Amino acid sequence: MSLLSPPQIPLFRITLFYGPEQFEGAADTIHCVFNVKKRSWKGGVQVGIVLKRDQIGRLEKQLEVQPWLEEHLGGVPRDEREDFLKTGNDLFTQFVCFHKLGIYIQQGIQQENTQVLGDFLISETDEAVQREAEKIKQQIIVELDVTEFETGKKLT
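Throughout this description, residue numbers start from 1 for each chain and increase along the sequence as written. Thresholds applied to this predicted model are a pLDDT of at least 70 for local features of residues and 80 or more for the giving and counting of side-chain atom pairs; totals over whole chains, interfaces and linings are not thresholded and use all residues. Water and hydrogen atoms were dropped before computing side-chain values, which therefore reflect all heavy atoms in the structure.

Re the sheet that holds strand S1 (residues 12–23)
Neighbouring strands of a sheet are bound in pairs by backbone hydrogen bonds; such pairs are parallel or else antiparallel.
So, point 1. DSSP bridges decide pairing: two strands pair if at least two such bridges lie between them. Think of it this way: any DSSP run of H or I at least four residues long counts as a helix, any run of E at least two long counts as a strand, and we number them from the N terminus. In space, the four strands of this open sheet follow the order S1-S2-S3-S4, with mixed pairing throughout. Two strands lie at the open edges of the sheet, namely S1 and strand S4 (114–116), each paired on one side alone. Pairs of neighbouring strands in the sheet enclose a mean axial angle of 20 degrees, with direction left out of account.
So, point 2. Examined bridge by bridge, strand S3 (residues 45–52) and S4 share three bridges and lie parallel to one another. Note on S4: the bridge partner recorded for Ile49 is Val116.
So, point 3. Contact criterion: two residues are considered in contact whenever any of their non-hydrogen atoms come within 4.5 Å of each other. Here the axes come from fitting lines to C-alpha atoms, over the contacting stretch only for helices, and the angles between their N-to-C directions go from 0 to 180 degrees. Helix H1 (residues 53–62) rests against S1, strand S2 (26–38) and S3 of the sheet, and its axis sits at about 70 degrees to S3.

Structure (structure tokens):
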């Protein structure tokens, strides 16, 4: 008899469908759309996560995302750096959306397409992002794949 238990299989499979994007005519919000499938469901659903730009800006400032990104992109050639910065900012927004989605799921997601509005779960999302800040930053670096440009810097 084995004393090892099988690894925990996630209850949901979550995939970024698209985003971050701005709604037409709504410059103060950004949204990402995720496909979410629970193992017991026959099909998945789409969940739109809306964030207000001021929330994203506040989190970026609190976590010093811009200075941190610029430091880690220091070895990237100048003509490519702006694209990496934009991608890094988009990734940060995606991770904020992902954490808001996680909170929404914990509260009891239904098997229906839905949208989580920008004025919902603000403080909960802020807390989750602040708690997971170092993991988020590490994931951004991995996604940007800038290790070839690194000059011996620590990546966190």
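Some points on helix H2 (residues 65–72)
So, point 1. Those residues of H2 that fall on the buried side of the exposure criterion are Val65, Trp68, Leu69 and His72. Relative to the axis of H2, the buried residues are bounded by an arc of 100 degrees and lie together on one face.
So, point 2. Each element contacted by the buried residues of H2 is listed here: H1, helix H3 (78–106) and helix H5 (133–144). Exposure is judged per residue with a 1.4 Å probe applied to protein chains only, and the accessible area is read against the type maximum: over 50% gives exposed, under 20% gives buried, and values in between give partly exposed. Starting at the helix axis, one direction is taken to each C-beta atom, and the arc is that of these directions.

Digging into the pairing of S3
So, point 1. Burial of S3 is extensive: six of the eight residues sit out of reach of the surface.
So, point 2. Pairing geometry for S2 and S3, over eight bridges, is antiparallel. Opposite His31, over in S3, you have Val50 as the bridge partner.
So, point 3. Between S2 and S3, which pair antiparallel one after the other, the connecting turn spans six residues.

Some thoughts on the nonpolar core
So, point 1. Here, nonpolar core refers to any group of buried Ala, Val, Leu, Ile, Met, Phe, Trp, Tyr and Cys residues whose side-chain atoms link them within 4.5 Å. Counting residues in each nonpolar core, the largest one holds 40 residues, and the members touching the most others are Val36, Val47, Phe92, Ile109 and Ile140.
So, point 2. Among the secondary structure elements, those contributing two or more residues to this core are S2, S3, H1, H2, H3, helix H4 (122–131) and H5.
So, point 3. Sorting elements by how many residues they give to this core places H3 first, with eleven residues.
So, point 4. Excluding anything up to four places from it in sequence, Ile140 contacts Trp68, Leu69, Gly88, Leu91, Phe92 and Phe95.

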